[in-house]
Amino acid sequence: MVRIPEETGPRVRARELGLPLGRFKPGKYNAITDVEGVLVGHSTIIQGEGPLRPGHGPVRTGVTAILPNMGNIFMDRMSGGGFVLNGAGEVSGMTQLMEWGLIETPILLTNTMAVGAVSDGVARYLVQRYPGIGDEHDVIIPVVGECDDSWLNDISGRHVRQEHVLEAINNAATGPVREGNVGGGTGMVTCDFKGGIGTASRKLPEVLGGYTLGVLVMSNFGKMHNLRVGGLPVGEVLAEKFKNTPHRGKSYGSIIAVVATDAPLLSHQINRLCKRVGLGIGRVGSYAAHGSGEIVVGFSTANIIPRRTQKMVYKMKILLDQRLDPLYEAVMEATEEAILNAMCMATPMTGVNDNYSPALPLDEVRRFVDACRPIFASVKKRPHQTSAPASRERPSDEDREGEVTVSSALPTNVRGAEGIPFPTRPAPNEPPADPEGPPGADSGAKAPSVPDDPEGSSSGSP
């Protein structure tokens, strides 16, 4: 087996290579933990070396836990959703998540053969913390995502145990997130280089809502020749250099992504946001192969849906659908950067049967970026600059809660799924508007549209 000499320099995150990674600024940690209340923890299992002995090793795997709402997600649930780009993979609990639109358990990431063990570990953890589960409270279905790490790990040995699940949950914290060969990403490979856990975030300008959005990925997909780094065809160049290095051949791999935001979104809006994660994955080089699983889970921290309440009605704050575009762009940027962070921070690894996964050669990437830097310099925007002046991006139909009535509210300038914004008929029992109008009247204001009712008013009046 031919191996390329390993670089001796430190591993750094993608942003430190000077890559063009979008127009929105990252949050403080450039991680999913920039969304307030989101915690991340890992449990990493590395044991043995040499030939594969199922049940004995070598072991290169682990568990990553994402805890919304400071871990109190069971009693104080949040709006959730998801998207499946290609379904040759699994996220247990997703059927209920899509049906109810609620996240009510921690989200765990691990290898394919450990989904059952991790789900059992989360269930035990929650039952110990909330003894009323299954009696006073509903039963639970933990959300657990998987990828196949069998190129480096004794996956059939099922080495993940309950103690590893508890370690990941108990280690969960805010702040910087460890990336690369950690937790569920320990044995993962991306575009024939070492992959694993990666994360990134975006903070929208105040004029676009000021919301924070974060993405965490367990990245395990792709082929080297398809790799794009900051839009550059780095993989095509590196494929020639690494042509004599054995690669994972039987599996294209998969990726699981978790999206968190403090924007006030309903479940259908989170589903739509999760779809755009697929665009970020594609930016790095995925074509969602036949045997690949690209599955996305998302949640919003803006509204707490209590498990216990005496109320009949629950009120939520909701972002208008036509204000989602900046979030779509941000989630695409953050996904791309999260995958690249996983690769940039991962180190080379040798696993079962001496299978070897090299690290992405950062020096080669730097040389590629430096050669293109004059092009970047001519088009690169300042990090805070948006594609249009703030005065143009500020919504013209500014919402003033409690001050606008239905009759006086201006229609939105954006045509959306809610239909045509301009009504065409006057309300019943009201005379048509005078085309000339009284002095000072706003000729653009029109009465709401009401469908024809040949049988008369539904109130029963003649």
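Further up the page is the structure itself.
Residues numbered from 1 in each chain as written. Predicted model: local features only at pLDDT ≥ 70, side-chain atom pairs only at ≥ 80, totals over all residues. Heavy atoms only, no water.

### Here we look at the side chain of Thr-105
Spelled out, the test is: To qualify as a helix, a DSSP run of H or I must reach at least 4 residues; to qualify as a strand, a run of E must reach at least 2; elements of each kind are numbered from the N terminus. Relative accessibility under 20% of the residue-type maximum defines a buried residue, over 50% an exposed one, and the middle range a partly exposed one, all with a 1.4 Å probe and only protein chains included. What qualifies as a polar contact is a pair of N or O atoms within 3.5 Å, subject to a donor-acceptor requirement within protein and to the restriction that residues adjacent in sequence count only when both atoms come from side chains. Any two residues having at least one pair of non-hydrogen atoms within 4.5 Å are treated as being in contact.
Topologically, Thr-105 is positioned in the loop between β5 (102-103) and β6 (107-111). For Thr-105, a relative accessible area of 1% corresponds to the buried category. At 3.2 Å, the side chain of Thr-105 and the backbone nitrogen of Val-143 are in polar contact. In contact with Thr-105, other than residues within four places in its own chain, are Ile-73, Leu-126, Ile-140, Ile-141, Pro-142 and Val-143.

### A closer look at the pattern of salt bridges
Put simply, the rule reads: Salt bridge, as used here: a side-chain nitrogen of Lys or Arg that lies within 4 Å of a carboxyl oxygen of Asp or Glu.
In the structure shown here, the tally under the stated rule is 16 salt bridges. Arg-228 is the partner of Glu-236 in a salt bridge, and the nearest nitrogen-oxygen pair spans 2.9 Å. For Glu-236, a relative accessible area of 47% translates into the label partly exposed. Notably, a salt bridge pairs Asp-363 with Arg-366, separated by 3.1 Å at the nearest N-O pair.

### Focus: the packing of helix α2 (residues 115-129) against helix α3 (residues 162-171)
What counts, and what does not: Axis angles are defined between N-to-C directions and span 0 to 180 degrees, where every axis is a line fitted to C-alpha atoms and, for a helix, only to the segment in contact. In this scheme, roughly parallel covers angles under 35 degrees and roughly antiparallel covers those over 145, while 65 to 115 is roughly perpendicular and the rest are oblique. Each crossing gets its hand from how the near helix is turned against the far one by less than a right angle, where anticlockwise is left-handed and clockwise is right-handed. Gly counts as polar in this scheme, as do all residues outside two lists: the nonpolar Ala, Val, Leu, Ile, Met, Phe, Trp, Tyr, Cys and Pro, and the charged Asp, Glu, Lys and Arg.
Direction vectors running N to C along α2 and α3 enclose 60 degrees, while the axes themselves pass 8 Å from each other. Comparing their axes, α3 and α2 come out oblique. The chirality of how α2 crosses α3 is right-handed. Contacts from Ala-117, Val-118, Gly-121, Val-122, Arg-124, Tyr-125 and Gln-128 in α2 reach Gln-162, Val-165, Leu-166 and Ile-169 in α3. Tallied by class, residues from the contact of α2 with α3 come to seven nonpolar, three polar and one charged.

### A few points about the nonpolar core
Spelled out, the test is: Nine residue types can take part in a nonpolar core, namely buried Ala, Val, Leu, Ile, Met, Phe, Trp, Tyr and Cys, and a core is a set of them joined through side-chain atoms within 4.5 Å.
Residues Leu-19, Leu-327 and Leu-360 are the most contacted members of the largest nonpolar core, which totals 55 residues. Listing elements by their share of this core, those giving two or more residues are β11 (212-221), α4 (234-241), β12 (253-261), α5 (267-284), α6 (325-345) and α7 (362-379). Ranked by residues supplied to this core, first place goes to α6 with 10 residues. Once residues lying within four places of it in the same chain are set aside, the contact partners of Leu-19 are Ala-14, Val-229, Leu-340, Val-365 and Val-369.

### Digging into the packing of aromatic side chains
Operational definition: Two aromatic rings from Phe, Tyr or Trp, using only the six-membered ring of Trp, form a pair when their centres are within 6.5 Å; if the ring planes differ by under 30 degrees the pair is stacked, by over 60 it is edge-to-face, and anything between is tilted. Lysine NZ or arginine CZ positioned within 6 Å of the ring centre and within 35 degrees of the ring normal marks a charge as sitting over the ring.
As enumerated under the stated definition, the model contains three aromatic pairs in all. Ring centres of Phe-74 and Tyr-130 lie 4.7 Å apart, and the angle between their planes is 35 degrees; this geometry places the pair in the tilted category. In this pair, Phe-74 is assigned in the loop between β2 (59-67) and β3 (76-87) and Tyr-130 in the loop between α2 and β7 (143-147), connecting sequence segments 56 residues apart. Judged by its relative accessible area of 0%, Phe-74 is buried. Between the aromatic rings of Phe-193 and Phe-242, the centroid separation amounts to 5.2 Å while the plane-to-plane angle is 90 degrees, which identifies the pairing as edge-to-face. Here the residue Phe-193 occupies a position in strand β9 (residues 193-194), and Phe-242 occupies one in the loop between α4 and β12, the gap between them amounting to 49 residues. Relative accessible area serves as the criterion here: at 3%, Phe-242 is assigned to the buried category. In this arrangement the basic side chain of Arg-276 is found over the ring face of Tyr-328, its NZ or CZ atom lying 3.9 Å from the centre. The residue whose ring lies beneath Arg-307 is Phe-74, and the NZ or CZ to ring-centre distance is 3.9 Å.

### Describing the environment of Pro-10
With respect to the helices and strands, Pro-10 occurs in the segment before β1 (39-47). When the C-alpha positions of Pro-10 and Leu-362 are compared, they lie 9.3 Å apart, and in sequence the two are 352 residues distant.

### Quick look at α6
For clarity, the cut-off: A helix's residues, less one, multiplied by 1.5 Å, set its expected span.
The terminal C-alpha atoms of α6 lie 30 Å apart, and with 21 residues this matches the ideal 30 Å at 1.5 Å per residue to within 8%. Where burial is concerned, most of α6 is hidden: 18 out of the 21 residues are buried.

### Description of the side chain of Ser-92
Tracing the sequence through the fold places Ser-92 in strand β4 (residues 91-92). Take Ser-92: its relative accessible area is 16%, and that puts it in the buried class. A distance of 3.2 Å separates the side chain of Ser-92 from the backbone oxygen of Pro-142, its partner in a polar contact. With sequence-adjacent residues up to four places away left out, Ser-92 is seen in contact with Val-115, Pro-142, Val-143 and Val-144.

### Re empty space enclosed by the protein
The condition that has to hold: Using protein atoms alone on a 1 Å grid, points that fit a 1.4 Å probe yet trap it form a cavity, whereas open point sets bounded by protein on both sides within 12 Å along at least five of seven lines form a pocket; residues with an atom within 4 Å of a point count as lining. Grid points are joined across faces, edges and corners, and a volume is the space filled by probe spheres set on the points.
All told, the structure shown has two cavities of 30 Å³ or more when counted by the stated rule. Residue composition of the lining of the largest cavity, by class: four nonpolar, three polar and one charged.

### Concerning the sheet that holds β7
The test is simple: Here, any two strands with at least 2 DSSP bridges between them count as paired.
Across the sheet, five strands lie side by side as β1-β2-β6-β7-β4; this open sheet has mixed pairing. For this open sheet the edge positions go to β1 and β4, each flanked by a neighbour on one side alone. Summarising the sheet, β4 and β7 pair through two bridges and their orientation is antiparallel. Across the sheet, residue Ser-92 finds its bridge partner in β7, namely Val-144. Strands in contact with α2 are β2, β4, β6 and β7; relative to β6, the strand with the most contacts, it is inclined by about 150 degrees. Against the sheet, α3 touches β1 and β2, its axis set at about 140 degrees to β1.

### Some words on the pairing of strand β10 (residues 196-203)
Within β10, seven of the eight residues are buried, which leaves the element mostly enclosed by the surrounding structure. As paired elements, β10 and β11 share eight bridges and run antiparallel to each other. Across the sheet, the residue bridging to Thr-199 is Leu-216, located in β11.

Coordinates in, geometry out; function isn't part of it.
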